[in-house]
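These are the residues of each chain, in order.
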Amino acid sequence: MTYEFLQSYWWFLVSLLGALLVFLMFVQGANTLIFCLGKTEEERRLIINSTGRKWEFTFTTLVTFGGAFFASFPLFYSTSFGGAYWLWMIILFSFVIQAVSYEFQNKIGNFLGPKTFQICLIINGIVGPLLLGGAVATFFNGSNFLIDKGNITNSLQPVISRWANASHGLDALLDPWNVVLGLAVLMLARILGMLYIKNNIEHQQIQERCTRQLPWNALIFLLFFLPFLIRLLVKDGFSTSSSSITLESMKYLHNLLEMPILLVILLIGVVLVLFGIFKSSRSVQYRKGIWFTGIGTVLTVLVLLLIAGWNHTAYYPSNIDLQSSLTLANSCSSEFTLRTMAIVSLLIPFVLAYIVFAWRAIDRKRITQEEIEQGEAY
């Protein structure tokens with residue numbers, strides 16, 4: 001395994017975690033629908049208990065995603081998580097209030113009332129996907145930071161990376177294309193949330209509402225995602241060489257054409273996403289759409305993240321100084337670290353097998369109204 005192979009390998013693992021995270025945000029998407037799909041308190045508790053059984057998967061994947069970035073590409077971690085900390089702090093805080101809301105909304109002594117915590121779940125459902133989508137969009141549109149590795153010898157302030165303004169990440173929301181992808185991820189999370197609820201809850205009225213709302217949510221998603229994808233394929237990208245970083249016309253389209261397997265996977269992913277939505281919106285009884293759209297989501301997001309870093313591409317461009325842009329080569333850990341972690345990563349299939357086992361055990365029986373009334377529930 002060469003050093004360059006290890007860099008690409010770890011970018012693949014980080015991208016896969018990011019793709020899984022987008023899929024698992026069906027929890028956030030479903031939470032935005034608490035009052036749309038649940039017209040009574042009992043129906044809302046059904047929805048909350050459905051997502052409440054899975055929110056740990058999403059939060060754990062988010063933490064693992066950040067940890068993998070820290071271990072494999074520490075300069076990105078210090079630049080983005082350290083410089084754009086307001087953006088990431090808001091995201092993390094929204095996930096914290098999510099955990100608190102699940103645990104305390106129906107506890108004895110809750111003087112705020114269940115509705116207050118349900119609103120907090122909705123806030124997390126909107127803020128989480130929106131800001132995460134905006135953060136991912138900066139991989140293509142750039143951020144305002146500077147890198148000066150010579151500062152490591154500065155005894156007074158040995159800081160390699162710094163943010164170029166006082167917004168510390170919130171300036172990402174000033175780029176409309178970052179917001180467009182954020183809104184696309186939000187709408188995709190809502191779609192996945194509906195598909196998951198149809199699959200997981202045994203309640204005729206809720207399933208009918210999911211089926212009715214799927215088409216217009218899908219339409220809004222496409223109105224945001226397709227323009228972003230088209231612009232991405234025709235815009236200038238950030239090409240790297242041994243000595244410098246330069247702009248290249250239609251770089252991301254070239255990446256797909258030069259790596260045709262990724263183009264095939266992207267097309268398969270898009271088809272699966274649309275197929276799951278179409279089949280589920282045509283029939284109330286059809287409940288398997290979450291698996292088609294979920295797998296399609298993972299494949300599509302995986303390819304988008306891979307073309308951001310593979311094929312000599314700067315995955316985190318600097319809008320202030322092009323040569324400060326981060327690449328796989330200039331931001332990764334040492335060869336020894338990547339090689340050691342590559343051995344540890346061989347345990348990943350066992351972890352995934354445990355997740356699948358736990359998921360199947362939790363979903364062995366669909367949630368019903370009787371279970372909420374008789375058993376322990378949120």
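Residues numbered from 1 in each chain as written. Predicted model: local features only at pLDDT ≥ 70, side-chain atom pairs only at ≥ 80, totals over all residues. Heavy atoms only, no water.

In the nomenclature of an unreviewed UniProt entry, the chain corresponds to Cytochrome d ubiquinol oxidase subunit II from the organism Segatella copri. The Subcellular location (unreviewed entry) field of the UniProt record for the chain holds the comment "Cell membrane". What UniProt states about the chain under its Sequence similarities (unreviewed entry) heading is, verbatim, "Belongs to the cytochrome ubiquinol oxidase subunit 2 family." (UniProt positions renumbered as here; feature names shortened; annotations may be inferred.)

Enquirer: I tried to follow the overall build of the chain on my own but got confused; where do I start?
Expert: Secondary structure summary: the chain contains 17 helices and four strands in total. For a compact globule of 378 residues, the expected C-alpha radius of gyration is about 21 Å, and the chain comes in at 21 Å, within 12% of that figure. Projected onto its principal axes, the C-alpha positions of the chain cover 65 × 45 × 40 Å. Buried positions account for 53% of the 378 residues belonging to the chain. By sequence separation, contacts in the chain at least 24 residues apart represent 77% of the contacts at least 6 residues apart. Summed over all atoms, the accessible surface of the chain reaches about 17200 Å², with 69% contributed by carbon and sulfur. Looking at the chain, you have 25 positive and 21 negative side-chain charges, and the mean spots of the two groups are 7 Å apart. (Helix = DSSP H or I, 4+ residues; strand = E, 2+ residues; numbered from the N terminus. Rg over C-alpha atoms; globule rule 2.2 N^0.38 Å. Buried < 20%, exposed > 50% of the residue type's maximum accessible area, 1.4 Å probe, protein only. Contact = heavy atoms within 4.5 Å. Areas by Shrake-Rupley, 256 points an atom, 1.4 Å probe, with all protein chains shown as cover. Lys, Arg positive; Asp, Glu negative; His and termini not counted. Charge placed at Lys NZ, Arg CZ, Asp CG, Glu CD.)

Enquirer: When you look at the nonpolar core in this model, what are you seeing that I'm missing?
Expert: Nonpolar side chains tend toward joint burial in soluble globular proteins. Judged by nonpolar contacts, the single largest core of 105 residues is most densely connected at Trp 11, Phe 69, Phe 73, Phe 76, Phe 139, Ile 307 and Tyr 315. With 13 residues, helix H9 (residues 176–200) is the single largest residue contributor to this core. When near neighbours in sequence (up to four residues on either side) are disregarded, Trp 11 contacts Phe 69, Phe 73, Phe 139, Leu 305, Leu 306, Ala 308, Gly 309, Trp 310, Tyr 315 and Leu 328. (Core = buried A, V, L, I, M, F, W, Y, C linked by side-chain atoms within 4.5 Å.)

Enquirer: Hey, could you run me through the pairing of strand S3 (residues 237–240) in this one?
Expert: Looking down a regular strand, the side chains alternate between one sheet face and the other. Judged by which residues are buried, S3 turns out to be covered on both faces: Gly 237 and Ser 239 on one side and Phe 238 and Thr 240 on the other are all buried. Taking the residues that link successive antiparallel strands as the turn, the S3-strand S4 (residues 245–248) hairpin has four residues. (Pairing = 2+ DSSP bridges.)

Enquirer: Sorry if this is basic, but what is going on with unusual backbone geometry here?
Expert: The phi torsion of most residues other than glycine is negative, and most of the peptide bonds are trans. A positive phi is found at Asn 311, a non-glycine position, where the angle reads about 60°. Along the polypeptide, Asn 311 turns up in the loop between helix H13 (289–309) and helix H14 (328–331). Notably, His 312 is not glycine yet its phi reads approximately 55°, a positive angle. When you line up the elements, His 312 lands in the loop between H13 and H14.

Enquirer: Can you help me understand the environment of Arg 282 in this one?
Expert: Looking at the element boundaries, Arg 282 is found in helix H12 (residues 260–282). Taking C-alpha positions, Arg 282 is 7.4 Å from Thr 211, a pair spaced 71 residues apart along the chain.

Enquirer: Sorry, what's going on with the pairing of S4 here?
Expert: Where S3 and S4 come together, four bridges link them in antiparallel fashion. For Ser 239, the partnering residue across the bridge sits in S4 and is Thr 246.

Enquirer: Hey, could you run me through the packing of helix H4 (residues 41–52) against helix H10 (residues 204–234) in this one?
Expert: Any two packed helices are characterised by how steeply their axes cross, that is the angle between the axes, and by the distance between the axes. Closest axis-to-axis distance for the H4/H10 pair is 11 Å, and the angle between their directions is 70°. Judged on the interaxial angle alone, H10 and H4 are roughly perpendicular. Taken together, the residues of H10 that come into contact with H4 (itself represented by Glu 43, Leu 46 and Ile 47) are Gln 205, Ile 206 and Arg 209. Partitioning the contact of H4 with H10 into residue classes produces three nonpolar, one polar and two charged. (Axes fitted to C-alpha atoms, helices over the stretch in contact; angles between N-to-C directions. Parallel < 35°, antiparallel > 145°, perpendicular 65-115°, else oblique. Nonpolar A, V, L, I, M, F, W, Y, C, P; charged D, E, K, R; others polar.)

Enquirer: Even after reading the chapter, I still don't get the side chain of Lys 251, so can you show me in this structure?
Expert: In this structure, Lys 251 sits in helix H11 (residues 251–258). Residue classification places Lys 251 among the buried residues on the basis of a relative accessible area of 4%. The contact partners of Lys 251, leaving out residues within four places of it in the chain, are Lys 235, Gly 237, Phe 238, Ser 239, Asn 311, His 312 and Thr 313.

Enquirer: Would you mind going over the packing of H9 against H13 with me for this structure?
Expert: One way to put it is that H9 packs onto H13 with a least axis distance of 8 Å and a crossing angle of 150°. Relative to H13, the element H9 is oriented roughly antiparallel. Seen from above, H9 lies across H13 with left-handed handedness. Residues Leu 188, Leu 192, Leu 195, Tyr 196 and Asn 199 of H9 touch H13, and the partners they reach there are Gly 289, Ile 290, Trp 291, Thr 293, Gly 294 and Thr 297. Residue composition of the contact of H9 with H13, by class: six nonpolar, five polar and no charged. (Left-handed = near helix turned anticlockwise from the far one by under 90°.)

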